Structures are given as structure tokens and as C-alpha cells.
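Observations on chain architecture
Each chain, letter by letter, is given below.
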Amino acid sequence: MSQPQRIESIEAPPSPRRDPAIEGTLRVLDLVFGPPFERAYDIRLWDGTLQRGGADPRADFSLNIRRRGALRRMLLPPSELSIVEAFISNDIDIEGNVESAMGLGDEIGQRVRSPRTFAKLIPSLLALPRDDASPPLEETRYARSLRLLTPRGRKSTESEIQFHYDVGNDFYALWLDPSMLYTCAYYRKESDDLATAQINKLNHICRKLRLEPSDRLLDIGCGWGGLVMHAAEYYGVDASGITLSAAQAEFAQQKIADKGLSDRCRVQMMDFRDLPVTARFDKITSVGVTEHVPEGQQPAYFARVVQALEPAGLFLNHCEVSLRAARRSYSIGERIGRWLWKRDKFIDKYVFPDAKLVALGSIIRSAESVGFEVRDIESLREHYMMTLRAWNMRLERRKSDAIKLVGERTYRVWRLYMSAGAYGFRTAGINIVQTLLSKPAPGGRAGIPLTREDLYGPN
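Read on for a plain summary of the structure. (Residues numbered from 1 in each chain as written. Predicted model: local features only at pLDDT ≥ 70, side-chain atom pairs only at ≥ 80, totals over all residues. Heavy atoms only, no water.)

Applying the stated criterion across every chain yields a total of 26 salt bridges. Taking the shortest distance from any N to any O, the salt bridge between Asp19 and Arg68 comes out at 2.8 Å. Placement of Asp19 in the segment before α1 (20–33) and of Arg68 in the loop between β3 (61–65) and α2 (70–75) is noted, with a sequence separation of 49 residues between them. Residue Arg68 is classed as partly exposed on the basis of its relative accessible area, which comes to 34%. (Salt bridge = Lys/Arg side-chain N within 4 Å of Asp/Glu carboxyl O. Helix = DSSP H or I, 4+ residues; strand = E, 2+ residues; numbered from the N terminus. Buried < 20%, exposed > 50% of the residue type's maximum accessible area, 1.4 Å probe, protein only.)

Turning our eyes to something else, we now look at the packing of aromatic side chains. Using the criterion set out here, one finds 20 aromatic pairs in the structure. A ring pair is formed by Tyr301 and Phe302, whose centres lie 5.6 Å apart and whose planes are at 75°; its orientation type is edge-to-face. Each of the two residues, Tyr301 as well as Phe302, counts as buried. Ring geometry for Tyr384 against Trp391: centres 6.0 Å apart, planes inclined by 85°, an arrangement best described as edge-to-face. By relative accessible area, which is 1% here, Trp391 ends up buried. Connected via pairs of aromatic rings, a cluster forms that spans Phe171, Tyr172, Trp175, Tyr182, Trp224, Tyr384, Trp391, Trp414, Tyr417 and Phe425. Against the face of Phe272 rests Arg304, its NZ or CZ located 5.8 Å from the ring centre. Sitting over the ring of Phe87, Arg412 keeps its end group 4.3 Å from the ring centre. (Phe/Tyr/Trp six-rings, centres within 6.5 Å; stacked < 30°, edge-to-face > 60°. Lys NZ or Arg CZ within 6 Å of the ring centre and 35° of its normal.)

A few words on the nonpolar core. With 69 residues, the main nonpolar core has Trp175 and Trp414 as its most contacted residues. The dominant element in this core, judged by the number of residues it contributes, is helix α19 (residues 408–426), at eight residues. The residues contacting Trp175, other than those within four sequence positions of it, are Tyr182, Leu194, Trp391, Arg394, Leu395, Trp414 and Met418. (Core = buried A, V, L, I, M, F, W, Y, C linked by side-chain atoms within 4.5 Å. Contact = heavy atoms within 4.5 Å.)

A separate point is the sheet that holds strand β9 (residues 309–322). Taking strand neighbours across the sheet as the criterion, the seven strands line up as β7-β6-β5-β8-β9-β11-β10 in an open arrangement whose pairing is mixed. In this open sheet, the two strands that pair with only one neighbour each are β7 (265–269) and β10 (373–379). Each adjacent strand pair in this sheet contributes to an overall mean axis angle of 15°, direction not counted. When strand β6 (residues 238–243) meets β7, the two strands line up parallel, connected through five bridges. Opposite Ile242, over in β7, you have Gln268 as the bridge partner. Relative to the sheet, helix α17 (residues 381–397) contacts β9, β10 and β11 (430–438), its axis offset from that of β11 by approximately 125°. (Pairing = 2+ DSSP bridges. Axes fitted to C-alpha atoms, helices over the stretch in contact; angles between N-to-C directions.)

Attention now goes to the packing of helix α9 (residues 194–208) against helix α10 (residues 226–235). Running from N to C, α9 and α10 point in directions that differ by 70°, and their axes come no closer than 10 Å. Here α9 is positioned roughly perpendicular relative to α10, judged by the angle of their axes. Note that α9 runs across α10; the crossing there is right-handed. Residues Ile199, Leu202, Asn203, Ile205, Cys206 and Arg207 of α9 form the contact with α10, whose own contacting residues are Gly226, Leu227, His230, Ala231 and Tyr235. (Parallel < 35°, antiparallel > 145°, perpendicular 65-115°, else oblique. Left-handed = near helix turned anticlockwise from the far one by under 90°.)

Nothing here speaks to function; it is all geometry.
Laid out in C-alpha cells, this is it:
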């Protein structure tokens, strides 16, 4: 029997040395996002290195690490806010469906809270380059305005609203509907386009208020005046709107004049708290305002609305609420953890400073405590998800125009903000609710019919 032939080993030529920053980044990715086979998305590095996710070939987004020092800045120290700011500053980017990527922050948080993972992560992050040569971020008007905002006091709400809305009417016009309605639309059919759904919303509100030509209507936080103009034109009411944004007030005043509605419709820049104490209205609306009233001040807010309403008057309050706040109370340890993780600080810093969502139960308690009677509650959670998706799609289509107007950083803030909102509504983290409240007249008359049948006729 012949002996087996001996095969000499042949040494392979050395492969080119990979950039240590690449090797270090790959180690951090495994710790923070899990190994590639567990991921449902691809990750691409700044040099073109691609890691394919193996968990779900149908993933509709990928993550791009655009700079050598991106993960170091994003995760030292790790927080929800630092992760978001990495996207805003273009250290990382999301290609595809941004909404689908909105769960990554919580996934990262769960991993880095593990003491074992955290112990491995910190030295790996410290080994990454600082990348101080990265181009500086532009300082937009928003960054400068942050230094002017006051977190407390009489005018804090005014500063907050101006910060958000005075970005410019031209920017909002890129992606809002023709009526410039920046609140949740109402989709009678899933096939409705945005403009149709927004007109549906206006009619739905007017019907809930049972508007009649003799009514005096006040819209608190009227935006660009879409609701008051619609109510005056199609329901014949005398309509007043107030806003804290000079840009909105000027736009609405011109549009009212163009429509020939000045005899029965008006918009002015005013804080609701400055409304004359003698002013009286038959119907009042507040669409997207209560979110900006601190929880402890909401009874006083509702008390002022009650004072401005005639007996048997109706008040429609349309606002976002937190489902998380309603589900549980946090222990001291959990509160500290949320503070360290900077939960919800993105919205507070970049979108609506000082705004904080509360549970629906808190809204109702505040309203009932000052004499309101709850007559109807309707959740529009799915409607706002669809609205935000429509806005985001329209914004992305006008990306180049948006960047010319407000800069890439602000464009990315709004894209992320609306994607996060759609994710929150889709996953039942937040809700949006219309509550119809009555100020009962002496003897108990509420000013509404016995049934809701009148609400759902043809538009």
C-alpha cells in the first residue's frame, strides 16, 4: 500500500493591513447593534465596507456610518439624544425608510445597559479616532435661538412656538397641503390624499361643534388660519383665530383678505392668556395647543376657556397624549435611567422646547375640575401616522428646495421628527385625541343632539 503524498503548506501572501479605525468600528457595531446575522438591515462604513444583515432580507432601510469618529461621538456617553444628534449632524445616515429605523435607539439602549456590554464598549469606543478634522456643523438660526429660550416664565410658551413656526412659511408650504394645515388629518378612506384628508378634518371639527351661522367661533393656536377661514366660508360663522407666531398671523391675514372674508373672519397674534376677560364665544377650538401647556397649568388653561364660553357652549380640544405616561409610573431608579439616557430630549431641544405630553386622564381631570362635561372622545392615532407619513414623503420629494431654504441640518431635524412621530403613533407609544367638552347651561342643557348621526353624512 502506497504512502500518502505529503503536501507542502504554501504561505498565502499577506493581505493589505486594514485601517485600525475600521476594525475598531466593526467591534463597536457588534456590541451596539449585535452581530450581522441578528440585524435586519445592512450597515455601510465610510470606506465602502458593507456588512449585510442576515435577520430579514426585506428590510427597507440601511445604516451608513459616514465618518471615522462617528460612533465615538454618538456613544460617549451613550444617550438617546447623542444618537439622534449623530443623525442630525450627518455622522450617520439612514437610507430608505427612516420610520423603520426609529426603534434602533431603544435597541441600543437595551444593549448598552448591560454591565458586561458596557464594560467592553467603553475601551472600544476610546480606541476609535476622535476625527476632529471633520467639517464643522453649520450653526443654524435654531442653534442660536436655543440660547435665547427661557425654560420658565410667562413668555416661555411664546418663545417655544416662535422657535418652531417662524422657520418660514415657504418651508412649510413645501410639504403641507394647500390650506397649510399642520395638524392631524382625517382619513375617511385610506386612499384619501393629504389635501382631501385635511378638508375632512376641518368638516369633522365643524360638525362636532355643530356650527351655525349665528355662532361666534374662537380657534386658539389657529396656525395659518385654515380652520377659521373654512368655518367662516362654509358654515357662515363669525370666526376669530389667535396665534403666537408672527409668520402665521401675517400669512392668515393676507389669505383672509384674498378670500374676501374680512367681514367675518380675523386672525391676530395674541397669547390666549391676554384675551380680554369680557370676550365671549359660542364655540372654541384648540387644535394642537394643549401639548404646550405644562400639566400643572392645564386646569388654569381650561378655566380660562370656560370663562370665555357662553352657557351651553362647546369646546373641542384636539391634542397629543402619552400612552406610556398612562401605563405606568416610574421608580426613582427608572427616572434616573431615563434622565441619563436623555429620553425625549430630541423633541425638547430641536423641535418644541418645553413641550411635554401627558396622559389623556390628566387632560380630562383638568377639564372636569373647572366645570367642563366630557361629551365625546375620539382617538385619531392611525390618522396621525398616515398624516406624518404623507408630510415626510412630500418633504423628501422637495429635499433640495428645503435645504436651500433652511439648510441640511434643519431638513434632517424635520425628517427625523416626523419619522419618529409616525413610529410613535404606529407602535402605540403616543396617541392623539379629540375631546368634545360642554359648558352646561343652568338646568343642564349641553347644546348637542342626542346622537352622533349628524357627524357622518357626506362631506
